[in-house]
Amino acid sequence: MKKYYLIILLALISGSSFGQMKLIKKMLSNEKDTTRKASFLPLPAFGYSQETGFEFGVGAIYSFYIDRKDTLNRSSNFALNTTYSTKKTANFMLKGDAWTKGNKYHFIGDIRFKNQPFNFYGIGNNAIKANEDKLDQRVFKTLFDAEMNTLPKAYTGVSLGFENYRFIDKEIGGIYSTNPQILDKDGGSVAWIGASQSYDTRNSNNYPTKGFFGRATYQYAPDFFGGENFNGSQIKLDLRGFFSLAPKVVLGVQGIFYTIQSKSTPFYLLQQLGNDQMMRGYYSGRYRDENLMAAQAEIRYRFMNRFGIVAFAGAGKVFANGQFNGDGLKPNFGFGGRYFFDPAKGLSVRVDYGIGEKLPNEKRQAGFYISLAEAF
């Protein structure tokens, strides 16, 4: 799950009143930095999501171009974050996204740790709030992808990953402890070996205004750990298109399909509907199963280099292997605002409010998110 931030500009300002005014003016300036120089921003991290509550911590963002003279060279971005939240969650994240000269090679690295309570509702597309069961989880994940430009706009890559999960049931007797469909309840480990193929014609990897992006990944988990630990594979397909409707208006569309294949899949590896990127408004993991399909569209209006607003809508569902149909699609829609702290590179902080379905005898599902970068 991606981390949530809000850059509190005034908290970063120190020194004389002249220096304060100069920094404020710079952070609100509508001018772009055309020198393509690197930017480094240490910042207090403050954010919110319905899964974690309010988060407080520290972090830093470093963005640069490997080749400043090449205007087609994509920006490389590194982010570090550590937070603690009002729901007693502890999180650490170190993420890198690097492009070499001529965009010949692309490297992605991700290390995450979180220790937090969460709500479990069961398995399937029809999970209900009445079955809510409270768990504690400790998760460690690491992933490394390396891609090479093999054909014009096309990248072929390999990946390695490792995940470890531990769970404690805080309310014995609920659906978590009594449902026999829920496998590997104490947690386990999984190691991934994967391959990927992508095609990318976007004019920016941070804030595209035109172009297409498609990526298919296959990951296989050998039986390294034995016992109830996972042995199987998963496939992920991600398609995105961007269209400039007017000088300051962009339409973005995205569709995803994720599937996991195994004779026995632990509940924590099942595909989950809802987060700050896709199906905003749904509690992450409220609905989980072997397959996830979802689509969304977003209208982006960047009325100034520093500021923008968006409106989005989508639909999606989860389902078991061999049980695909068009019934039970769950809708979502919402709106948000953007602050571009590096306008030239298109790097932003976003605030979104997503709204989901209203089930009988339940409040309408909704979520508020503060995050770095665009949703897609």
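What counts and how
- All residue numbers refer to position in the chain's written sequence, counted from 1.
- Per-residue local features are limited, in this predicted model, to residues with pLDDT of at least 70; the limit for side-chain atom pairs, both in listing and counting, is 80 or more; totals at the level of whole chains, interfaces and linings are taken over all residues.
- The basis for the side-chain values is all heavy atoms of the structure; hydrogens and waters are excluded.
- Numbering of helices and strands runs from the N terminus; a helix is a DSSP stretch of H or I covering at least four residues, while a strand is a stretch of E covering at least two.
- The buried label goes to any residue with under 20% of its type's maximum accessible area, the exposed label to any with over 50%, and the partly exposed label to all in between, with areas taken from a 1.4 Å probe on protein chains only.
- Whether two residues touch is decided by their heavy atoms; if any such pair falls within 4.5 Å, the residues are in contact.
- Only the protein chains shown count as cover for residues, with accessible areas throughout obtained via the Shrake-Rupley method and a probe of 1.4 Å.
- One number per residue, pLDDT, summarises how confident the predictor is, and it ranges from 0 to 100.
- Residues enter patches when they are more than 30% accessible in relative terms and free of salt bridges; like-charged ones are connected within 9 Å and nonpolar ones (Val, Leu, Ile, Met, Phe, Trp, Tyr) within 5 Å.
- Here a salt bridge means any side-chain nitrogen of Lys or Arg lying within 4 Å of a carboxyl oxygen belonging to Asp or Glu.

## As for the overall build of the protein chain
If you tally the helices and strands in the protein chain, you get two helices and 18 strands. Expressed as a percentage of its 376 residues, the buried residues of the protein chain come to 50%. Within the protein chain, contacts between residues at least 6 apart in sequence are counted, and of these 59% link residues at least 24 apart. Carbon together with sulfur atoms contributes 62% to the accessible area of the protein chain, which is approximately 17700 Å² in total.

## Observations regarding the confidence of the model for the protein chain
Segments scoring low in pLDDT should not have their predicted coordinates read at a detailed level. Looking at the protein chain as a whole, its pLDDT mean stands at 89, while 89% of the residues score no less than 70. Between residues 1–16, whose pLDDT stays under 50, and residues either more than four places distant or in other chains, the model counts 63 contacts.

## Digging into the environment of Gly194
With respect to the helices and strands, the residue Gly194 is situated in strand S8 (residues 189–200). Taking the relative accessible area as the measure of exposure, Gly194 reaches 10% and is therefore buried. For Gly194 and Tyr218, which are 24 residues apart along the polypeptide, the C-alpha to C-alpha distance reads 5.4 Å. Here Gly194 is in contact with Gly157, Val158, Ser159, Tyr218 and Gln219, once residues within four sequence places are set aside.

## A short note on a nonpolar patch on the surface
A grouping of Leu80, Phe92, Leu94, Ile111, Phe113 and Phe140 is seen on the molecular surface, where their side chains present a nonpolar patch of about 440 Å² in accessible area. Mapped onto the nonpolar patch, the elements with two or more residues apiece are strand S4 (90–99) and strand S5 (105–120). Along the chain, Leu80 falls in strand S3 (residues 76–85). Assessed through its relative accessible area of 37%, Leu80 is described here as partly exposed.

## Things to note about the environment of Leu359
Assignment of secondary structure puts Leu359 in the loop between strand S17 (347–355) and strand S18 (366–372). Since its relative accessible area comes to 18%, Leu359 is described here as buried. Each C-alpha atom, one on Leu359 and one on Ile128, is 8.4 Å from the other, the two residues being 231 residues apart in sequence. Sequence-distant contacts of Leu359, defined by excluding residues within four places in its chain, comprise Ala127, Arg286, Tyr287 and Gln365.

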